[in-house]
Amino acid sequence: MSSSEDQINQRVPQHVAIIMDGNGRWAKAQGLSRLEGHKQGAKRLRDVIRWARDAGIKQVSLYAFSTENWKRPKLEVAGLMTLMATMLPLEVPKMMEEGARLLTLGDTSKLPWLARKALQRAVKATQGNTSVDVILCLNYGGHQEIVEGIKTFCTTFSNEEEKQKALANLTDESFYVFLGRKDVLPVDLLIRTGGEKRISNFHLWDAAYAELYFSDTNWPAYTENDLKEALADFASRERRFGKTSEQIQGVTNE
Ligand code: IPE
Ligand code: IPE
Ligand code: MG
């Protein structure tokens, strides 16, 4: 790859994380039930996988259910779980066609059996695909993930001396291993739809240096053009990772 191509490619985020928000407000505006909003929102999933792949994005993570969403009315939670169990199997042939590999983040062991089964099947069926990774975040919470990482660290070492040594040498890179998932890249671009400007416990670890983008479009109405606008905005930003602009632009030798 030539250096100019290399530069262009760096302007495409490798990992895009999306907080798919606004299903309820979209439904209300149409005089529909919240569940109908979730149904229409779930339909956008297959679109976004294709758009992401076509844009050259390697990973797209989708916030589908947070650790806080259990606090919603029981009927809505049950409806969301049923939706996943029924819609996911229908998405598998499409994911095979797109070359999409399904991964999950979050404690899926707490999901109802049918939803868990649908997820396991879809993960297994798509595991050999390589065009784009789709990371479905279910019963996911950034706090939960870090707390679980600490628990794993504390229970990994049987001998106290080993544990103290590991603790003394612990860095952000070595701690990452204890978060218990492989293959997840740092989030480059974090998009939230639906107009709210908060991250709601999403990707607290991986999005440490993500560029943030807030779209007013409610998730069920999200289009490829909305994604393209976010990607164009991302491409115009200077990511400094703590350095100065002069260092990034190479106008200083230091
Ligand atoms: C996001 O849409 C979907 C989930 C959280 C499952 P919402 O249901 O939060 O929609 P609003 O924010 O009420 O409009
Ligand atoms: C975040 O949306 C979670 C998902 C999109 C799954 P919420 O609508 O639950 O977020 P808050 O609680 O309003 O911040
Ligand atoms: Mg919401």
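Below or above, wherever it landed, is the structure these notes cover.

Rules used throughout
- Residues numbered from 1 in each chain as written.
- Chains lettered and ligands numbered in written order.
- Predicted model: local features only at pLDDT ≥ 70, side-chain atom pairs only at ≥ 80, totals over all residues.
- Heavy atoms only, no water.
- Salt bridge = Lys/Arg side-chain N within 4 Å of Asp/Glu carboxyl O.
- Helix = DSSP H or I, 4+ residues; strand = E, 2+ residues; numbered from the N terminus.
- Buried < 20%, exposed > 50% of the residue type's maximum accessible area, 1.4 Å probe, protein only.
- Pairing = 2+ DSSP bridges.
- Near = heavy atom within 4 Å.
- Polar contact = N/O pair within 3.5 Å; in protein donor to acceptor, adjacent residues only side chain to side chain.
- Areas by Shrake-Rupley, 256 points an atom, 1.4 Å probe, with all protein chains shown as cover.
- Nonpolar A, V, L, I, M, F, W, Y, C, P; charged D, E, K, R; others polar.
- Axes fitted to C-alpha atoms, helices over the stretch in contact; angles between N-to-C directions.
- Parallel < 35°, antiparallel > 145°, perpendicular 65-115°, else oblique.
- Left-handed = near helix turned anticlockwise from the far one by under 90°.
- Contact = heavy atoms within 4.5 Å.

Pairing is possible between side chains of opposite charge, provided their charged atoms come close. Counted under the stated rule, the structure contains 24 salt bridges. Among the salt bridges present, the one from aspartate 133 reaches arginine 101, with a minimum N-O distance of 2.8 Å. Remark: arginine 101 occurs in strand β3 (residues 100-105) and aspartate 133 occurs in strand β4 (residues 132-140); sequence separation between them is 32 residues. Where arginine 240 meets glutamate 238, a salt bridge forms, and the shortest distance between an N and an O atom there is 2.7 Å. Salt bridges sharing common partners tie together Asp21, Arg25, Arg192, Glu196 and Arg198.

Looking now at the pairing of strand β5 (residues 189-192). Burial of β5 is two-sided: the residues Leu189 and Ile191 facing one way and the residues Leu190 and Arg192 facing the other way are all buried. Two strands pair when backbone bridges link them, and strand β1 (residues 15-19) and β5 are joined in this way by four bridges, in the parallel orientation. Bridging from a neighbouring strand, valine 16 pairs with leucine 189 of β5. Examined bridge by bridge, β5 and strand β6 (residues 211-214) share four bridges and lie parallel to one another. Counted as the bridge partner of leucine 190 is leucine 212 from β6.

Time to look at the site of ligand 2. All residues adjacent to ligand 2 are Ile19, Met20, Asp21, Tyr63, Ala64, Phe65, Asn69, Arg72, Arg192, Arg198 and Ser200. A distance of 3.2 Å separates an oxygen atom of ligand 2 from a polar atom in the side chain of arginine 72. Arginine 192 has a polar side-chain atom sitting 3.3 Å from an oxygen atom of ligand 2. Here ligand 2, which alone exposes 390 Å², has 78% of that area covered by the protein. When residues in the shell around ligand 2 are grouped by element, the largest group, three residues, is from strand β2 (residues 59-66). In the shell around ligand 2, the residues fall into five nonpolar, two polar and four charged.

Here the focus is the packing of helix α3 (residues 34-55) against helix α4 (residues 74-98). In a packed pair of helices, the relevant descriptors are the angle between the two axes and the axis-to-axis distance. Remark: α3 packs on α4, axes separated minimally by 10 Å, with the N-to-C direction vectors making an angle of 25 degrees. On the basis of their axis angle, the class for α3 and α4 is roughly parallel. Considering how the two elements wind past one another, α3 and α4 form a crossing that is right-handed. Judged by residue contacts, Arg34, Leu35, His38, Lys39, Ala42, Lys43, Arg46, Ile49, Arg50 and Arg53 of α3 engage Glu76, Gly79, Leu80, Leu83, Met87, Leu90, Glu91, Lys94, Met95, Glu97 and Glu98 from α4. In the contact of α3 with α4, the residues fall into eight nonpolar, two polar and 11 charged.

On to the sheet that holds β6. Spatially, six strands are ordered β3-β4-β2-β1-β5-β6 in an open sheet, and the strand pairing comes out parallel. Both outer strands of the open sheet, β3 and β6, are each paired with one neighbouring strand and no more. Taken pair by pair, the neighbouring strands of this sheet meet at an average axis angle of 20 degrees, ignoring direction. The sheet contact formed by β3 and β4 spans six bridges and is parallel.

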